[in-house]
Amino acid sequence: MTKLARLAPTELDTYLSKLFKQQLADHQIDYQRQISEDVAIGAYDDEGQLVGGLLMNRRYDHVYISRLAVDPTYRGHRLGTQLVQAAEAWAREQQVLTITLSTRDYQAVDFYLKCGFQIYGKVADLPFKGVTTVYFVKRLID
């Protein structure tokens, strides 16, 4: 009989990474590039003050944008668009195929649509009742 127990996330990640690498090998998938990478892009004003930014993670040939925000006093200056464009340029350099992200229905749905992302899903009452999370994808390379 097995038992379940909590453990340190880093310990489990190391173990699971070995299993996934073996799974790739078992299916004769030879992926030579670095598997995962965290990337941050900051937006700075003329005085060098950080006023916004974007966090993303590349996993294989996919990028997930986990956070993007701009200081309210700098909204309307196209910083969000510039951040998305910088993320896409970086992703293309890395030969990334797709970018995905999610946002809440009260946040930036129209913004991401204007940036060329497509909605591929919505989940109501996530992360809490009365809020819908919207999922986006953008294909970079065909």
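So, how was this worked out
Position labels on residues start from 1 in each chain and follow its written sequence. Where local features are concerned, this predicted model is filtered to residues with pLDDT of at least 70; where side-chain atom pairs are given and counted, the filter is 80 or more; whole-chain, interface and lining totals use all residues. Remark: hydrogens and water are excluded; side-chain values derive from all non-hydrogen atoms of the structure. What counts as a ring pair is set by centres within 6.5 Å for rings of Phe, Tyr and Trp (its six-membered ring), and what kind of pair is set by the plane angle: stacked under 30 degrees, edge-to-face over 60, tilted for all other angles. Counted as over-ring charges are cases with an Arg CZ or a Lys NZ within 6 Å of the ring centre that also lie within 35 degrees of the ring normal. UniProt positions are given in the numbering used here, feature names are shortened, and annotations may be inferred rather than shown by experiment. Helix and strand definitions here come from DSSP, where helices need a minimum of 4 consecutive H or I residues and strands a minimum of 2 consecutive E residues; each element is numbered from the N-terminal end. The pairing criterion is simple: DSSP has to find at least two bridges between the two strands. The convention used is that axes are lines fitted to C-alpha atoms, helices contributing only their stretch in contact, and that angles between N-to-C directions extend from 0 to 180 degrees. Whether two residues are in contact is decided by their heavy atoms, any of which lying within 4.5 Å being enough. Salt bridge, as applied in this entry: a Lys or Arg side-chain nitrogen positioned within 4 Å of an Asp or Glu carboxyl oxygen. Using a 1.4 Å probe on the protein chains alone, a residue whose accessible area is under 20% of its type maximum counts as buried, one over 50% counts as exposed, and one in between counts as partly exposed.

The protein is annotated in an unreviewed UniProt entry as GNAT family N-acetyltransferase from Lactiplantibacillus songbeiensis.

Before we move on, could you go through the packing of aromatic side chains and cite the residues and values that matter?
One pass over the structure, following the stated rule, counts five aromatic pairs. For the ring pair Phe-111 and Tyr-112, a centre distance of 5.0 Å and an interplane angle of 70° mean the geometry is edge-to-face. Ring pairing ties together the aromatic residues Phe-111, Tyr-112, Phe-117 and Phe-136, which thus form one cluster. Residue placement shows Lys-138 over the ring face of Phe-117; its charged tip is 5.5 Å from the ring centre.

I'd love a proper account of the UniProt feature "domain: N-acetyltransferase" (unreviewed entry) in the protein, names of residues and values included.
On the UniProt side, "domain: N-acetyltransferase" (unreviewed entry) is annotated at positions that read residues 2–141 here. What you have in residues 2–141 is 28% helix and 36% strand, and the ends, taken at the C-alpha atoms, are 44 Å apart.

Which residues make up the sheet that holds strand 1 (residues 36–44), and what are the values?
Strand order across the open sheet formed by six strands is 1-2-3-4-6-5, with mixed pairing between neighbours. Two strands close off the open sheet at either side, each with one partner strand: strand 1 and strand 5 (118–124). On average, each strand axis in the sheet is inclined to that of its neighbour by 20°, with strand direction left out of account. Of the pairings in the sheet, the one linking strand 4 (residues 98–104) to strand 6 (residues 132–139) comprises seven bridges and is antiparallel in character. Residue pairing across strands places Thr-98 opposite Arg-139, the latter belonging to strand 6. Here helix 2 (residues 79–93) sits on the sheet and contacts strand 1, strand 2 (50–59), strand 3 (62–70), strand 4 and strand 6; the angle it forms with strand 3, its principal contact strand, is near 160°.

I'd like a description of the pattern of salt bridges, backed by residues and values.
Within this structure, the stated rule accounts for four salt bridges. Of the charged contacts in the structure, one is a salt bridge between Lys-138 and Glu-88, with a shortest N-O distance of 2.8 Å. Of the two residues, Lys-138 sits in strand 6 while Glu-88 sits in helix 2, which places them 50 residues apart along the sequence. Given the relative accessible area of 8%, Glu-88 is considered buried. Taken together, the shared-partner salt bridges connect Glu-88, Arg-92 and Lys-138 into one network.

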